[in-house]
Amino acid sequence: MEKHIHGGDVYHHQGCIDFSANCNPLGTPEGIKKAIIKSLEHINDYPQVGCTPLKEAIAEYENTKPEQVICGNGAAEVIFSLCRAVKPGKALVPAPTFAEYQQALYSVDCQVDFYSLDEKKQFVLDEDFIQSLTAELDIIFLCNPNNPTGLLVEKPLLKKILRRCQELGIIMAVDECFLDFVPSPEKYTLKEYLESYDNLFLLKAFTKRYAMAGVRLGYGLCGNQKLLEKMESVCQPWNVSSMAQAAGLAALQETEYVEKGRQMTFRELDYLKKELTALGYPVYPSQANYVFFTGPVDLYEKLEQKKILIRDCSNYTGLSKGYYRVAVKNHEENRQLIKALKELS
């Protein structure tokens, strides 16, 4: 596996504008910060086991049931807990996609097969993927929209994959963390199938939607009670802090903020795509809150010198030097990125 690197390492790049982490461009709401501060009154107490109030609030927000919700220390922990609970022997993962899936699978000694997405098809997952599903597989991971490409898998294809996975006894984990920044997320989410497919597991997070990556709060949705109970049993006690639970409850009240961030993302995504294309960079048709494109192999280093961080995607399985991802930020920050790129051209 390639070296495990993420974006958002601002601690080693102080003073830089960080385009490497894809969070809400509005920044963290003040209501969340105040809730965290207030939660410090209970810093001497253990966090609430089971996160019951938070699960109930998430269920209301997602229009699901509290018993279908599991919370974790970021979506990453939920991924690892899922793998520990399932203990899969063989898995299938598209390439390129989010590296955490394969890392979690490797941590339980699972054999990981990769389904290579075709660059000539702009890395779109198509119906050929279904032919790769076999009874030997225990679990698959899909990211919709995919990270780092930002490309969506249409719901009819997802339904076909889900049905085939059910026939073969394969757990289908779908990461919907970035659906919040898609114009019509209801056209792509699989939440409506949680009741009828016990092999379906959906990943969600507060990180991107509310710009609270440092708090670490994610959750999963699943209709399979036995699987959720197994996941709970392999988690460490008190895995979701009091601060995170308080932040989550406050965040779910920020409906106006979420919609405002979505609208800003739509405008600025269009701006970045147009400007990058005008500068001659091949841009992929991302529909998430980030842009995937290709450029010179030393672009990361050159922008770093200008105090701008972008995501070098060369450590993604299936990609090489020259592939990049930039987050959609506010207009002034996006303008500074384009200005720096113009100076390099």
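Scroll up for the structure.
Residues numbered from 1 in each chain as written. Predicted model: local features only at pLDDT ≥ 70, side-chain atom pairs only at ≥ 80, totals over all residues. Heavy atoms only, no water.

Undergrad: Where do I start with the overall build of the protein in this structure?
TA: A count of helical and extended segments in the protein gives 11 helices and 12 strands. The C-alpha radius of gyration of the protein comes to 20 Å, within 12% of the 20 Å expected for a compact globule of 345 residues. Structurally, the protein occupies a C-alpha span of about 55 × 55 × 35 Å along its principal axes. Across the 345 residues that make up the protein, the buried fraction comes to 55%. Of all intrachain contacts in the protein linking residues separated by at least 6 positions in sequence, the fraction that spans at least 24 positions is 73%. Surface exposure of the protein reaches about 15,200 Å², of which carbon and sulfur atoms provide 50%. (Helix = DSSP H or I, 4+ residues; strand = E, 2+ residues; numbered from the N terminus. Rg over C-alpha atoms; globule rule 2.2 N^0.38 Å. Buried < 20%, exposed > 50% of the residue type's maximum accessible area, 1.4 Å probe, protein only. Contact = heavy atoms within 4.5 Å. Areas by Shrake-Rupley, 256 points an atom, 1.4 Å probe, with all protein chains shown as cover.)

Undergrad: In this structure, what is going on with the packing of helix 3 (residues 75-86) against helix 7 (residues 225-234)? I would like to understand it.
TA: The packing of two helices is summarised by the inter-axis angle and the distance between the axes. Look at helix 3 against helix 7: their axes get within 8 Å of each other, and the N-to-C directions meet at 105 degrees. Regarding the angle of helix 3 to helix 7, the classification is roughly perpendicular. Contact with helix 3, carried on its side by Val78, Ser81, Leu82, Arg84, Ala85 and Val86, involves Leu227, Lys230, Met231 and Val234 of helix 7 and no other residues of that element. Its residues assigned to classes, the contact of helix 3 with helix 7 shows 7 nonpolar, 1 polar and 2 charged. (Axes fitted to C-alpha atoms, helices over the stretch in contact; angles between N-to-C directions. Parallel < 35°, antiparallel > 145°, perpendicular 65-115°, else oblique. Nonpolar A, V, L, I, M, F, W, Y, C, P; charged D, E, K, R; others polar.)

Undergrad: Help me out: how do you make sense of the environment of valine 234 in this one?
TA: Relative to the assigned elements, valine 234 resides in helix 7. Counting along the chain gives 149 residues from valine 234 to alanine 85, while the straight-line C-alpha distance between them is 6.5 Å. Not counting residues up to four positions away in its chain, the partners in contact with valine 234 are Ser81, Arg84 and Ala85.

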